[in-house]
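# Structural description and commentary
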Amino acid sequence: MRRIVAIYPGSFDPITNGHLDIVQRAVRLFDELIVAVLVNSDKAPLFSAQERVDMIRTILQQEALSARVDTFEGLLVTYAKKQKAQVIVRGIRAISDYEYELQMALMNRRLGPAIETVFMMPSEAYSYLSSRLVREVFKFGGSIEGLVPSLVEQQLRAKLGK
Ligand code: PNS
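This is a predicted model, so every value here is computed, not measured.

Each value, and the rule that gives it
Residues numbered from 1 in each chain as written. Predicted model: local features only at pLDDT ≥ 70, side-chain atom pairs only at ≥ 80, totals over all residues. Heavy atoms only, no water. Near = heavy atom within 4 Å. Polar contact = N/O pair within 3.5 Å; in protein donor to acceptor, adjacent residues only side chain to side chain. Areas by Shrake-Rupley, 256 points an atom, 1.4 Å probe, with all protein chains shown as cover. Helix = DSSP H or I, 4+ residues; strand = E, 2+ residues; numbered from the N terminus. Nonpolar A, V, L, I, M, F, W, Y, C, P; charged D, E, K, R; others polar. Buried < 20%, exposed > 50% of the residue type's maximum accessible area, 1.4 Å probe, protein only. Pairing = 2+ DSSP bridges. Right-handed = clockwise from strand over helix to strand, strands pointing away. Contact = heavy atoms within 4.5 Å. Axes fitted to C-alpha atoms, helices over the stretch in contact; angles between N-to-C directions. Arc of directions from axis to C-beta.

So, on to the site of the ligand. The environment of the ligand is formed by Gly10, Ser11, Leu38, Lys43, Phe72, Gly74, Leu75, Leu76, Arg90, Met104, Met107 and Asn108. With respect to the ligand, the backbone of leucine 76 contributes an N or O atom lying 2.8 Å from an oxygen atom. The contact in question runs from an oxygen atom of the ligand to an N or O atom on the side chain of arginine 90, over 2.9 Å. Its free accessible area being 550 Å², the ligand has 77% of it covered by the protein chains. Looking at the shell around the ligand, the element that brings in the most residues is helix H4 (residues 95–111), giving 3 residues. Grouping the amino acids of the shell around the ligand by side-chain chemistry returns 6 nonpolar, 4 polar and 2 charged.

Here you go:
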């Protein structure tokens, strides 16, 4: 029997309800989903890779979503091959995401022709949501209620002392 393993990669700094929405949709489609947190990107993250992994694991457990959570370094396609994944899942919120995502998908296809990128749309309620905006709004005292799981809000409070 053919099992489809999908990887949902990202920075997840921190995970938002938009990411979670994609996880919820992807676990219904694929036999196995791996949420893969990028470590050592050029961006200096707010949360360490371990903190992000721990947060995501707890949240997925709370939401009864059965996905594996892992980290990866270097090329995504190399990691996907190691995991014997056939699919890379990426969320697209708006047309503005498409250009960059298309570039990445085509580069990943060149590097690993057997791996297919699947674009998924989160609920329109999250179409403007990003980890960067969550960090910024929280930092300056704005409400992020309903935009991130409550654990993320707690962790932001602990990290930024708000
Ligand atoms: O959540 P993000 O920051 O939009 O995720 C971007 C991510 C992690 C998917 C992307 O930066 C990535 O895959 N990086 C790994 C390096 C790599 O494979 N680069 C070539 C892809 S074109």
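Next, the rest of the story.
Burial analysis of strand S4 (residues 87–91) places 4 of its 5 residues in the buried class, the great majority of the element. Relative to S4, strand S1 (residues 5–10) runs parallel, the two sharing 2 bridges. Residue pairing for S4: alanine 6 is matched across the bridge by valine 87. With 5 bridges joining them, S4 and strand S5 (residues 116–120) adopt parallel strand pairing. When the bridges of S5 are listed, arginine 90 appears paired with phenylalanine 119. For the handedness criterion, the β-α-β arrangement of S4, H4 and S5 is classed as right-handed.

Another point: the side chain of threonine 16. In this structure, threonine 16 sits in the loop between S1 and helix H1 (17–29). The exposure class of threonine 16 is buried, given its relative accessible area of 2%. Look past the residues within four positions of threonine 16 in its chain and what remains in contact with it is Leu129, Ser130, Ser131, Val134, Leu147, Val148 and Pro149.

With that settled, consider the sheet that holds strand S3 (residues 68–72). In spatial order, the strands read S3-S2-S1-S4-S5; together these 5 strands make up an open sheet with parallel pairing. Two strands in the sheet have a free side with no partner beyond their single neighbour: S3 and S5. Sheet twist, expressed as the mean angle between neighbouring strand axes with direction ignored, is 30°. Those strands touched by helix H2 (residues 49–62) are strand S2 (32–38) and S3, and its axis lies near 165° from that of S3.

With that out of the way, let us pick up helix H6 (residues 150–160). The set of residues buried in H6 consists of Leu151, Val152, Glu153 and Leu156. Close packing links the buried residues of H6 with H2 and helix H5 (131–139). At the C-terminal side of H6, glycine 161 shows a positive phi close to 60°.

Okay, the environment of arginine 68 next. Inspection of the secondary structure assignment puts arginine 68 in strand S3. Overall, arginine 68 belongs to the partly exposed group, its relative accessible area being 37%. The spacing of arginine 68 and isoleucine 56 is 12 residues in sequence and 9.7 Å in space, taken between C-alpha atoms. In this view, arginine 68 contacts Glu32, Leu33, Ile34, Val35 and Gln83; residues no more than four positions away in its chain are not counted. Within the structure, the side chain of arginine 68 is placed 3.1 Å from the side chain of glutamine 83, a separation counted as a polar contact.

Turning our eyes to something else, we now look at H5. The set of residues buried in H5 consists of Ser131, Val134 and Phe138. Across the axial projection of H5, the buried residues extend over an arc of 60°, all falling on one side. Those residues of H5 that are buried are in contact with H1 and H6. Where H5 terminates, the next one or two residues include glycine 141, which has phi positive at roughly 85°.

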